Amino acid sequence: MPDAKEDTAEEIKMQQKSKKDKSPVDLVQEAMGSLGPWHIVIAVALSLVKFPVAWHQLSIVFLAPPIDFTCTYPKPANMSEALERKCEVDVGNGTIEKCTKFFYDRTIFKETIITQWDLVCDREQLANFAQTCTMLGILVGNMIFSAMSDRVGRKIPLMIAILLQSVTGFLTIYSPWYEMFLTFKFISALATGGTMLISFVLLMEIVGPKWRSSLSVLFHVPFLLGFLLNPLVSYLTRTWTGFQMAVSIPPILLLSYYWIVPESPRWLLAVGRTSEAEVILTKAAEKNRISLSKVALAIEDHRNQAKIRTDNTKKFNVTHLFRSPNLCVKTLCICVNWFVCGMSFFGLAQYIGQLDGNIFINTAVSAAVELPGTLIVLFLISRYSRLRILIGGNIVSGAMLLITMFVQDPTIRVTLATIGIAGMSISFPTVYLYSSEVFPTVVRNVGIGAGSICARVASMLAPYIATMGNVQPWLPPLFFGIGPVIGAGLCFLLPETMNCELPETIEDGENFGKKMPRKSIA
């Protein structure tokens, strides 16, 4: 039997010409394959980055859990008053003084950031501000590392982000002041934003289109498993410093990616580093048993295209999303859904930790139910309408949380809130995939970036909503419940993208879904 690698470039060209598909052939993808052993090793390695992402992004649940306290100074005239959770006490003769020293219940947690820096009473919101700084850091990290990865490549910024994440996470433990804790927390979150972005982009740049939707969902699974490990790590450590150390040391092992994860061959070709790209494509072809002639053809084609490529390509920015009415409406509806997902997903994770009951069990159960939600998306995403899946996830989440407003039993409240976060685990990956399909190619990255910013802004507000239960128990489920319902309603203004030819230009984006979907490719 002749070796497949002996195919000539002419034979390959004849095979491509015989295809009826009018869309241009992606020679780079054909050179490295759609999904093979080479891809799988890299995909698994990159997915492990999501473990520390979950540990750092959702750590506030165990860094600042709800904790009972009593006033120890000044001493109240009525000693029974000292046993109450009060910030001001009557010291006698009707004189009310503000508490300055506290005694904390350390039955469950020996030390938290609340007990270490007295984040109670008028300093209570500082605990929420720690999570706001975390989400702000992730947002800034997305932007900084996005620019860096476009300029110097995917691999080196990924290594920098992993190292920075681990080192600053470890240094956080030794913060003598709350302000220093916030600084290190912000820098660690900034690095976390970098690892999230670059790992996903690199994965999408090497796998074939057929597998991108499935892998974009599976890529989220390690995040859920990391979230599930959070309560276990906290249960075993019982201190915020122990927890922080446990989640900061493992990422150091990810520095081995320098020898495992290659640079993106697409980026190398885009910046003219053709010889380096050829080395990586050759290795991919050998691992995936693909003809080396396809590598030669891809390199030859790239060099030919580089000669005729002009520099008159128009630059697009976020304002182009709002310049035409139909595209503007779609952008606003999508951004609202991103906002809802960011607020409800991260807010509910913290809200469940605030409810009565065992914090470890409550959080573990809420994390566990997200995995089935993700698998449901994986099963449905290639079979049913993206919008139906998004509407379904939003309605389930919104309905469960609105019902929670009228429930007093702690177990039922936790159950309903858990189902609510499961609904969000369906909506979040769906809105990400839908956004990548509905925005025109020329502004696709800008559109997804705008949606991601909305999600991060919402996640900054989420901690304050989650702790509104201290004011009125029905306030958190009201805000977390009404958002998904609004998001579901706005979906009826959006066009379906499943099995449709995706828009390329701004004009395509404006016309897409006005009357009927464009030409089906199914």
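Preceding this section is the structure that the text describes.
Caption draft 1: A look at the overall build of the chain. The secondary structure content of the chain amounts to 24 helices and four strands. Residues classed as buried in the chain amount to 52% of the 522 residues present. Of the contacts made within the chain by residues no fewer than 6 positions apart, 77% connect residues no fewer than 24 positions apart. Split by element, the accessible area of the chain, about 24,100 Å² in all, is 64% carbon and sulfur.

Caption draft 2: Quick peek at the state of the cysteines. This structure, assessed with the given rule, holds two disulfides. Two residues share a disulfide in this structure: C71 and C99, whose sulfurs sit 2.2 Å from each other. Note on the C71 and C99 pair: the S-S dihedral is about -115°, so by sign convention the disulfide is left-handed. Taken together, the positions of C71 in strand β1 (residues 69-73) and C99 in the loop between β3 (95-98) and β4 (101-104) put the pair 28 residues apart, joining distant regions of the chain. Of the two residues, C71 and C99, neither departs from the other in class, the shared state being buried.

Caption draft 3: Main features of helix α10 (residues 209-218). Within the sequence span of α10, burial applies to S213, L215, S216 and V217. Of the surrounding elements, those touching the buried residues of α10 are α9 (178-206), α11 (221-237), α19 (370-380) and α21 (410-438).

Caption draft 4: Seen up close, the nonpolar core. Counting residues in hydrophobic clusters, the biggest one holds 94 residues, and the most contacted among them are L46, L203, F223, Y257, F428 and F480. A total of 12 residues in this core trace back to one element, the largest contributor, which is helix α17 (residues 325-354). Setting aside its immediate chain neighbours within four residues, F223 contacts K50, V53, A54, Q57, L58, F345 and F346. The next biggest cluster of nonpolar side chains, apart from the first, holds 33 residues, and it includes L63, A64, Y104 and F243.

Caption draft 5: Here's a closer look at unusual backbone geometry. Backbone geometry at R238 places phi at a positive 65°, although glycine is not the residue there. Relative to the assigned elements, R238 resides in the loop between α11 and α12 (240-248). Phi angles above zero are rare outside glycine, and R289 is one such case at about 55°. Inspection of the secondary structure assignment puts R289 in the loop between α15 (274-287) and α16 (292-308). In this structure R289 comes out as exposed when scored by relative accessible area, which is 75%.

Caption draft 6: Molecular detail of the packing of aromatic side chains. Under the defined criterion, the tally for this structure stands at 24 aromatic pairs. Taking the centre distance of 6.2 Å and the plane angle of 40° together, the rings of F223 and F345 count as tilted. Pair noted here: F223 is in helix α11 and F345 is in helix α17, with a separation of 122 residues, a long-range link. The residues F223 and F345 share a single accessibility class, namely buried. Considering the side-chain rings of W338 and F428, the 6.2 Å spacing of their centres and the 85° angle between planes classify their relative orientation as edge-to-face. Linking W338 in helix α17 with F428 in helix α21, this pair joins segments that are 90 residues apart in sequence. Put simply, the rings of F200, F219, F223, W338, F345, F346, F428 and Y432 pair up and form one aromatic cluster. The ring centre of Y258 lies 4.6 Å from the NZ or CZ of K155, which sits over that ring.

Caption draft 7: Spatial organisation of the environment of K330. Counting through the fold element by element, K330 comes out in helix α17. Separated by 164 residues in the primary sequence, K330 and L494 have C-alpha atoms spaced 6.1 Å apart. With sequence-adjacent residues up to four places away left out, K330 is seen in contact with V438, L494, P495, G509, E510 and F512.

Caption draft 8: Fine view of the side chain of E510. Assignment of secondary structure puts E510 in helix α24 (residues 506-511). Of the polar contacts made by the side chain of E510, one reaches the side chain of S324; its length is 2.8 Å. Residues within four places of E510 in sequence aside, it is in contact with S324, P325, N326, L327 and K330.

Caption draft 9: Structural view of the pattern of salt bridges. Tallying each qualifying case throughout the model produces four salt bridges. The residue E205 makes a salt bridge to R154 at a minimum N-O spacing of 2.5 Å. Pair noted here: E205 is in helix α9 and R154 is in the loop between α7 (125-152) and α8 (155-171), with a separation of 51 residues, a long-range link. Taken individually, E205 and R154 each receive the classification buried, so the pair is uniform in this respect.

Caption draft 10: Looking closely at a nonpolar patch on the surface. Where nonpolar side chains cluster on the molecular surface, the patch consists of V41, I156, I160, Y258, W259 and I260 and spans about 630 Å² of accessible area. Among the elements of the structure, α8 and α13 (257-260) are those that each provide at least two residues to the nonpolar patch. The dominant element in the nonpolar patch, judged by the number of residues it contributes, is α13, at three residues. Structurally, the position occupied by I160 is in helix α8. On the basis of relative accessible area, I160 is assigned to the partly exposed category, the value being 39%.

Basis of the calculations
- Residues numbered from 1 in each chain as written.
- Predicted model: local features only at pLDDT ≥ 70, side-chain atom pairs only at ≥ 80, totals over all residues.
- Heavy atoms only, no water.
- Helix = DSSP H or I, 4+ residues; strand = E, 2+ residues; numbered from the N terminus.
- Buried < 20%, exposed > 50% of the residue type's maximum accessible area, 1.4 Å probe, protein only.
- Contact = heavy atoms within 4.5 Å.
- Areas by Shrake-Rupley, 256 points an atom, 1.4 Å probe, with all protein chains shown as cover.
- Disulfide = S-S within 2.5 Å.
- Core = buried A, V, L, I, M, F, W, Y, C linked by side-chain atoms within 4.5 Å.
- Phe/Tyr/Trp six-rings, centres within 6.5 Å; stacked < 30°, edge-to-face > 60°.
- Lys NZ or Arg CZ within 6 Å of the ring centre and 35° of its normal.
- Polar contact = N/O pair within 3.5 Å; in protein donor to acceptor, adjacent residues only side chain to side chain.
- Salt bridge = Lys/Arg side-chain N within 4 Å of Asp/Glu carboxyl O.
- Patch = residues over 30% accessible without salt bridge, like charges linked within 9 Å, V, L, I, M, F, W, Y side chains within 5 Å.

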